[in-house]
Amino acid sequence: MKGVAGGGAMLALVAALGARSGCGFAPPPRTGRFHSFAGRHPSDDDARQTKRGMFTGIVEEMGEVVSLETRNDMTLWDGSKGKGTEMVIKGDVVMDGAYLGCSISVNGVCLTATELDFEKNEFKVGLAPETLRRTNLGSYTPSTEQRVNLERASEIGGRNSGHFVQGHVDNVGTIIDRWTDDNSLFFKISFPEEYMRYIVPKGFIAIDGTSLTVCDVNLEENWFTLMLVEYTQKKIILPSKSVGGTVNVEVDVLSKYSKQAWDMFMPKMEALEQKVRELEQKVEELESSNTKGGESSVVSTNIENGLKSSPETWDRSKQAFSNGDVTNPDCSQSRGNGGTTAWVRSKQTFYDTNY
């Protein structure tokens with residue numbers, strides 16, 4: 001984990017761009033403790049405190065998976081029954097200030113709390129098919145005795161010691177190597193090729209919801225490395241994973257927006273360059289035609305004469321060529337010594353030339 005100066009305005013902008021349906025907002029921490037309740041609707045007080053929306057990647061605690069169950073009798077919006085997967089997680093810190101509909105990051109996945117039990121410090125979340133396809137949460141069963149990283153949503157405008165983490169996991173990475181360097185722990189992770197374009201050395205990346213810094217990147221073999229300092233090793237689940245284990249990976253959302261903007265800009269730039277090439281070709285054809293005909297235009301003659309005595313550099317601020325030959329800054333400009341052709345700005349032409 002690392003520190004980064006996160007501006008409130010930028011965080012608000014990215015939160016607005018990254019907002020999605022199904023992710024609630026958690027209120028500021030409350031004092032005291034609530035009794036167990038499941039199915040209570042958020043109160044007006046809850047709604048007034050919805051000032052949180054994104055995550056920072058600074059894990060608050062490691063929680064315990066209590067149960068993972070797939071049911072066929074879940075009630076859908078229209079009253080019909082359907083199939084769904086639910087996970088129950090135990091966590092102490094994230095239950096402080098939690099309410100129905102709040103967002104909690106579970107191993108880097110933004111999930112909505114559907115039931116809360118403050119006596120047991122447990123909360124329930126639903127895992128959509130897309131979540132199960134994109135993440136490794138489907139493998140976290142109680143029998144594996146694996147823990148999960150937990151973080152409450154951060155308050156917009158507050159301090160951000162990590163980076164802008166949406167909780168929208170891109171895909172699963174696989175640990176292909178790990179080693180120690182004094183008190184640091186390194187990991188090498190393979191990742192699908194289509195996402196490697198968003199990963200750069202010393203850039204941000206979220207691994208199981210933890211904000212980390214990329215060390216090295218290999219785009220040919222599709223892997224990257226990262227390092228954990230001693231303090232971080234004790235606060236997250238990654239050190240407990242071995243070679244062959246999987247991690248949830250979310251690339252930096254800002255790199256996605258940059259790539260999208262670049263993709264929209266490039267076709268216009270390529271079209272402009274093509275237009276310039278076409279114009280240059282036409283100019284070359286005109287010059288070639290004049291040369292073959294044995295005639296040289298007055299413009300070409302005067303330009304050649306001018307080049308012998310001056311570099312023909314136009315000074316925009318003075319409305320004059322660099323050699324200082326000015327006839328009228330507001331309307332005309334002579335070109336070269338002895339030349340009779342004057343440039344008329346208002347007409348954008350030479351007054352004695354028709355072309």
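Residues numbered from 1 in each chain as written. Predicted model: local features only at pLDDT ≥ 70, side-chain atom pairs only at ≥ 80, totals over all residues. Heavy atoms only, no water.

**Q** Help me understand the overall build of the chain, please; the structure alone is not making it clear to me.
**A** The secondary structure content of the chain amounts to 7 helices and 19 strands. Burial statistics for the chain: of 355 residues in total, 41% are counted as buried. Counting contacts in the chain only where the partners sit at least 6 residues apart, residues at least 24 apart contribute 65% of the total. For the chain, the exposed surface amounts to about 19800 Å²; the carbon and sulfur share of it is 51%. (Helix = DSSP H or I, 4+ residues; strand = E, 2+ residues; numbered from the N terminus. Buried < 20%, exposed > 50% of the residue type's maximum accessible area, 1.4 Å probe, protein only. Contact = heavy atoms within 4.5 Å. Areas by Shrake-Rupley, 256 points an atom, 1.4 Å probe, with all protein chains shown as cover.)

**Q** Quick question: what am I supposed to make of the packing of aromatic side chains here?
**A** Remark: the centre distance and the inter-plane angle together describe each pair of aromatic rings, the angle taken between the planes. Using the criterion set out here, one finds 4 aromatic pairs in the structure. Pairing Phe 191 with Phe 224 gives two aromatic rings, centres 6.3 Å apart and planes at 90°, and the pair type is edge-to-face. Residue Phe 191 is located in the loop between β10 (184-190) and α4 (193-196), and its partner Phe 224 is located in strand β13 (residues 223-228); the two are separated by 33 residues in the primary sequence. Residue Phe 224 is classed as buried on the basis of its relative accessible area of 0%. A network of ring pairs unites the aromatic residues Phe 191, Tyr 195 and Phe 224 as a single cluster. Lying over the aromatic face of Trp 223, Lys 188 brings its terminal NZ or CZ to 4.3 Å of the ring centre. (Phe/Tyr/Trp six-rings, centres within 6.5 Å; stacked < 30°, edge-to-face > 60°. Lys NZ or Arg CZ within 6 Å of the ring centre and 35° of its normal.)

**Q** How should I be thinking about the pairing of strand β14 (residues 246-251) in this particular structure?
**A** Strand residues, when the strand is regular, have side chains that alternate between the two faces of the sheet. The buried count for β14 comes to 5 of 6 residues, which makes it a mostly enclosed element. The pairing of strand β9 (residues 171-181) with β14 spans 4 bridges and is classified as antiparallel. Looking at β14, one finds that Asn 171 is bridged to Val 249. Judged from the 3 bridges that link them, strand β11 (residues 204-207) and β14 form a sheet pairing that is antiparallel. (Pairing = 2+ DSSP bridges.)

**Q** I would appreciate a short explanation of the sheet that holds β9 in the present structure.
**A** By way of backbone hydrogen bonds, the strands of a sheet pair with one another, either parallel or antiparallel. One closed barrel holds the 6 strands; their spatial order is β9-β10-β13-β12-β11-β14, and the pairing between them is antiparallel. Between one strand axis and the next, the sheet turns through 45° on average, direction left out of account. (Axes fitted to C-alpha atoms, helices over the stretch in contact; angles between N-to-C directions.)

**Q** What is the right way to read the side chain of Thr 131 from this model?
**A** Looking at the element boundaries, Thr 131 is found in helix α3 (residues 129-134). Residue Thr 131 is classed as buried on the basis of its relative accessible area of 16%. Setting aside residues up to four positions removed in sequence, Thr 131 forms contacts with Val 109, Leu 111 and Leu 137.

**Q** Teacher, can you tell me more about the side chain of Asp 208 here?
**A** Of note, Asp 208 is situated in the loop between β11 and β12 (210-218). Under the relative-accessibility criterion, Asp 208 is labelled buried at 1%. Looking at Asp 208, its side chain comes within polar contact range of the side chain of Lys 241, at 2.7 Å. Excluding residues that lie within four positions of it along the chain, Asp 208 makes contacts with Asn 107, Gly 108, Asn 136, Asn 149, Ile 237, Lys 241, Thr 246, Val 247 and Asn 248. (Polar contact = N/O pair within 3.5 Å; in protein donor to acceptor, adjacent residues only side chain to side chain.)

**Q** Help me understand the confidence of the model for the chain in this model?
**A** Predicted coordinates in regions of low pLDDT should not be interpreted in detail. Here the chain averages 76 in pLDDT, while 65% of its residues score no lower than 70. Confidence drops under a pLDDT of 50 for residues 1-51, and excluding neighbours within four residues, the segment shows 103 contacts in the predicted structure. Taken together, the stretch residues 326-338 has pLDDT below 50 and engages in 40 contacts with residues farther than four places along the chain or on a different chain. (pLDDT = per-residue confidence, 0-100.)

**Q** I tried to follow the pattern of salt bridges on my own but got confused; where do I start?
**A** Any two side chains of opposite charge can pair, given that their charged atoms come close. By the definition in use, this model includes 11 salt bridges. Residue Glu 86 is joined to Arg 71 by a salt bridge in which the shortest nitrogen-to-oxygen separation is 2.8 Å. Separated by 15 residues along the polypeptide, Glu 86 in strand β3 (residues 81-90) and Arg 71 in strand β2 (residues 61-75) bring together distant segments of the chain. For Glu 86, a relative accessible area of 10% translates into the label buried. As a salt-bridge pair, Lys 124 and Glu 115 come within 3.8 Å of each other at their nearest N and O atoms. (Salt bridge = Lys/Arg side-chain N within 4 Å of Asp/Glu carboxyl O.)

**Q** Looking at this model, I keep getting lost on the environment of Val 200. Mind explaining?
**A** As for its placement among the helices and strands, Val 200 is situated in the loop between α4 and β11. You can call Val 200 partly exposed: its relative accessible area is 45%. Expressed as a C-alpha distance, the spacing of Val 200 and Ser 255, which sit 55 residues apart in the sequence, is 9.4 Å. With residues near it in sequence (within four places) discarded, Val 200 still touches Val 214 and Val 217.

**Q** What's the story with the state of the cysteines in this structure? I'm lost.
**A** A covalent bond between the sulfur atoms of two cysteines is what we call a disulfide. Evaluation of the coordinates by the stated rule reveals 0 disulfides. Free cysteine: Cys 102, not disulfide-bonded; nearest cysteine sulfur from Cys 110 at 9.8 Å. Under the relative-accessibility criterion, Cys 102 is labelled buried at 2%. (Disulfide = S-S within 2.5 Å.)

**Q** Help me understand the environment of Ile 236, please; the structure alone is not making it clear to me.
**A** Inspection of the secondary structure assignment puts Ile 236 in the loop between α5 (230-233) and β14. In this structure, the C-alpha to C-alpha distance between Ile 236 and Arg 147, residues 89 residues apart in sequence, is 9.0 Å.

**Q** Help me understand the sheet that holds strand β7 (residues 147-152) in this model?
**A** With respect to topology, 6 strands assemble into a closed barrel ordered β2-β3-β6-β5-β4-β7, the strand pairing being antiparallel. This sheet shows a mean twist of 45° between the axes of neighbouring strands, independent of strand direction. Of the strand pairs in this sheet, strand β4 (residues 103-106) and strand β5 (residues 109-117) are connected by 4 bridges, and their pairing is antiparallel. Across the sheet, residue Ser 103 finds its bridge partner in β5, namely Thr 112.

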